[in-house]
Amino acid sequence: MKVLVIVQATKESEAGMMPDEKVIAEMGKFKEELVKAGVMLAGEGLHPSSKGKRLHISGGKKTLIDGPFAETKELVGGYWIWQVKSLDEAVEWARRCADYMPSGEWVLEIRPIFEAEDFGKEFTPELRVQEQRLRAEIERQRKS
């Protein structure tokens, strides 16, 4: 199963505070363990919301909103995509994560990623072929 691990933003990350060398090294060690175990598929940190934009869509109307965005607890500061056997295994890995926020307070949210079988019969053979084709094209573009 694949999971998305959402690293919630903090006051420090929203202020653009960067981790020090010790913290970067600790996080690097943790990510190295994830990679060696075949768990980590992808992951990145995100710039503060002050550098971002939101597109709000309602009833066909689209409104562009410039950051920063108010509620830090509702913002994403980064993410990982992990391949694990279960949600419990993902939780075990998350518990091992280095504490990299200066305040010592932050949240990891772990959410399963939909797999083809989750969509049932509505995900027809034709739609599955289309999905496979698109994934192959994304991989080809990534390698180019």
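Residues numbered from 1 in each chain as written. Predicted model: local features only at pLDDT ≥ 70, side-chain atom pairs only at ≥ 80, totals over all residues. Heavy atoms only, no water.

### As for the sheet that holds strand β2 (residues 40–45)
Quick reminder of the rule: Any two strands with at least two DSSP-identified bridges between them are counted as paired. In this description a helix means any DSSP run of H or I spanning at least four residues, a strand means any run of E spanning at least two, and both kinds are numbered starting from the N terminus. Structural elements are reduced to axes, namely lines fitted to C-alpha atoms, with helices fitted over the stretch in contact, and the angle between N-to-C directions of any two is expressed from 0 to 180 degrees. Contact between two residues is taken to exist if any of their heavy atoms lie within 4.5 Å; hydrogens are not considered.
Read across the open sheet, the four strands follow the order β2-β5-β1-β6; overall the sheet is antiparallel. The open sheet has two edge strands, β2 and β6 (108–112), and neither has a second partner. Strand-to-strand twist in this sheet, taken as the mean axis angle between neighbours without regard to direction, amounts to 15 degrees. Both β2 and strand β5 (residues 76–83) contribute to a ladder of five bridges, which runs antiparallel. Bridge assignment links Ala42 to a residue of β5, and that residue is Ile81. Strand contacts of helix α3 (residues 87–95): β1 (2–8), β5 and β6, with the helix running at about 160 degrees to β6, the strand carrying the most contacts.

### Points about unusual backbone geometry
Glycine aside, a negative phi is what most residues show, and trans is what most peptide bonds show. Across the junction of Gly67 and Pro68, the peptide omega takes the value 10 degrees, indicating a cis bond. In this structure, Pro68 sits in the loop between β4 (61–66) and β5.

### A short note on the confidence of the model for the protein chain
Where we set the bar: Each residue carries a pLDDT score, the predictor's own confidence in it, on a scale running from 0 to 100.
Averaged over every residue, the pLDDT of the protein chain is 92; residues scoring 70 or more account for 97%. When pLDDT is averaged over each helix and strand of the protein chain, the minimum, 89, is found for helix α1 (residues 11–14) and the maximum, 97, for α3.

### Details of α3
Under the convention used in this document: Throughout this description, buried means an accessible area under 20% of the type-specific maximum (1.4 Å probe, protein chains only), exposed means over 50%, and partly exposed covers the range between. Here, the arc refers to the directions that run from the helix axis to the C-beta atoms.
Burial in α3 covers these residues: Glu89, Ala90, Trp93 and Ala94. Buried residues in α3, looked at end-on, bunch into an arc of 140 degrees, giving them a common side. Residues Asp88, Glu92 and Arg95 are exposed on α3 and point more than 90 degrees away from its buried face. Close packing links the buried residues of α3 with β1, α2 (21–36), β5 and β6.

### Remarks on the nonpolar core
Here is the rule we go by: What makes a nonpolar core is a set of buried Ala, Val, Leu, Ile, Met, Phe, Trp, Tyr and Cys residues whose side-chain atoms join them at distances within 4.5 Å.
Ranked by internal contacts, the top residues of the largest apolar core, which has 17 residues, are Phe30, Leu34, Trp80, Trp82, Val84 and Trp93. Breaking this core down by element, the ones donating at least two residues are β1, α2, β5 and α3. What Phe30 contacts, discounting residues up to four positions off in sequence, is Trp80, Trp82, Trp93, Arg96, Cys97 and Ala98.

### Some points on the environment of Val23
Secondary-structure assignment places Val23 in helix α2. Considering only alpha carbons, one finds Val23 and Ile113, 90 residues apart in sequence, at a separation of 29 Å.

### Topic: the pairing of β1
Burial analysis of β1 places five of its seven residues in the buried class, the great majority of the element. Examined bridge by bridge, β1 and β5 share seven bridges and lie antiparallel to one another. Paired with Leu4 across the strands is Ile81, a residue of β5. Where β1 lies against β6, five bridges are found, and the strand directions are antiparallel. Looking at β6, one finds that Val5 is bridged to Ile110.

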